[in-house]
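# A structural walkthrough
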Amino acid sequence: MPEVHRVVGFVVVGVFTVGWVWGLAAWISRRGPGELYWKWLAVAQVVVGLQAVLGIVLLLMGKRVVTGGALSNVLHYVYGLLPLLLFVIAHVIARAGNASIIGFDERKKIAPWVPFAWAAFICFGLTFRALMTGLGWAVS
């Protein structure tokens, strides 16, 4: 794994960790996460975009995933691009004020920050798994 890829991986995992832990703390304390949370979200979205751009640039430069098996190669690209989709879905849910788009009762209102905390949690898992694989820590 090239050094820049390793650094980006740790940064991305760290950014997502902050988001879901912050959301969990807000939920446990039964308070909103505060205004600073929205600044974290802006940073997270920029990081996700830069991660995707970096991955696409590497792909266009002819760099390929060299792990074993076709599935692991595809998963690496999913790990890198799915966070973009998850943040788009989180925006749609936050704007609607409910999660009816993913099958929940539309009468059940949710705070606007909740979808982003969940997106951060899922993205954390995806990117942590990708980082583990890239560093050779993954268990087959």
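Everything that follows concerns the structure shown earlier in this document.
Notes on the structure in this doc start here. (Residues numbered from 1 in each chain as written. Predicted model: local features only at pLDDT ≥ 70, side-chain atom pairs only at ≥ 80, totals over all residues. Heavy atoms only, no water.)

## A closer look at the side chain of N98
As for its position among the elements, N98 is in the loop between α3 (70-96) and α4 (114-135). One polar contact links N98 to S100, side chain to side chain, over a distance of 2.7 Å. Contacts of N98, omitting those with residues within four sequence positions, involve I93, E106, K108, K109 and I110. (Helix = DSSP H or I, 4+ residues; strand = E, 2+ residues; numbered from the N terminus. Polar contact = N/O pair within 3.5 Å; in protein donor to acceptor, adjacent residues only side chain to side chain. Contact = heavy atoms within 4.5 Å.)

## Re the nonpolar core
F16, Y37, W40, F87 and F116 are the most contacted members of the largest nonpolar core, which totals 27 residues. At the level of elements, α1 (3-29), α2 (36-60), α3 and α4 are the ones that each hand at least two residues to this core. Looking at this core element by element, the count peaks at 10 residues for α4. Sequence-distant contacts of F16, that is, excluding residues within four places in its chain, are made with V48, P83, F87, A120, C123, F124 and T127. (Core = buried A, V, L, I, M, F, W, Y, C linked by side-chain atoms within 4.5 Å. Buried < 20%, exposed > 50% of the residue type's maximum accessible area, 1.4 Å probe, protein only.)

## Brief notes about the pattern of salt bridges
Under the criterion given, the structure shown has one salt bridge. The residue R107 makes a salt bridge to D105 at a minimum N-O spacing of 2.8 Å. Taking relative accessible area as the criterion, R107 reaches 68% and is therefore assigned exposed. (Salt bridge = Lys/Arg side-chain N within 4 Å of Asp/Glu carboxyl O.)

## Focus on the packing of α1 against α4
Two elements in contact, α1 and α4, have axes whose closest approach is 8 Å; the angle formed by their N-to-C orientations is 150°. With respect to each other, α1 and α4 are oriented roughly antiparallel. Crossing hand, α1 versus α4: left-handed. Touching R6, G9, F10, V12, V13, F16, T17, G19, W20 and G23 of α1 are A117, A120, F121, C123, F124, T127, F128, L131 and L135, all from α4. (Axes fitted to C-alpha atoms, helices over the stretch in contact; angles between N-to-C directions. Parallel < 35°, antiparallel > 145°, perpendicular 65-115°, else oblique. Left-handed = near helix turned anticlockwise from the far one by under 90°.)

## Points about the environment of F121
Relative to the helices and strands, F121 resides in helix α4. Along the chain, F121 and V13 lie 108 residues apart, while their C-alpha atoms are 10 Å from each other.

## Considerations on α2
Given a rise of 1.5 Å per residue, 25 residues ought to cover 36 Å, and the 36 Å separating the end C-alpha atoms of α2 matches this to within 8%. Buried within α2 we find Y37, W40, L41, A44, V47, V48, Q51 and A52. In the stretch just after α2, G62 is the one whose phi turns positive, near 95°. (Expected span 1.5 Å × (residues − 1).)

## Let's talk about the packing of aromatic side chains
Two descriptors summarise a pair of aromatic rings, namely the distance from one centre to the other and the angle between the planes of the rings. Per the stated rule, a full pass over the model turns up 11 aromatic pairs. Here W20 and F124 contribute two aromatic rings whose centre-to-centre distance is 5.7 Å and whose plane-to-plane angle is 50°, an arrangement assigned as tilted. With W20 in helix α1 and F124 in helix α4, this residue pair connects regions lying 104 residues apart in the sequence. Through a chain of ring-to-ring contacts, three or more aromatic side chains come together here, namely F16, W22, Y37, W38, W40, F87, W113 and F116. (Phe/Tyr/Trp six-rings, centres within 6.5 Å; stacked < 30°, edge-to-face > 60°.)

## Topic: the packing of α1 against α2
Running from amino to carboxyl end, α1 crosses α2 at an angle of 150°, the nearest separation of the two axes being 10 Å. One finds that α1 runs roughly antiparallel with respect to α2. Where α1 crosses over α2, the two elements pack in a sense that is left-handed. For the pair formed by α1 and α2, the contact residues are H5, V8, V12, V15, F16, V18, G19, W22 and G23 on the first element and L36, Y37, W40, A44, V47, V48, Q51, L54 and L58 on the second.

Without other data, these values stay purely geometric and don't point to any function.
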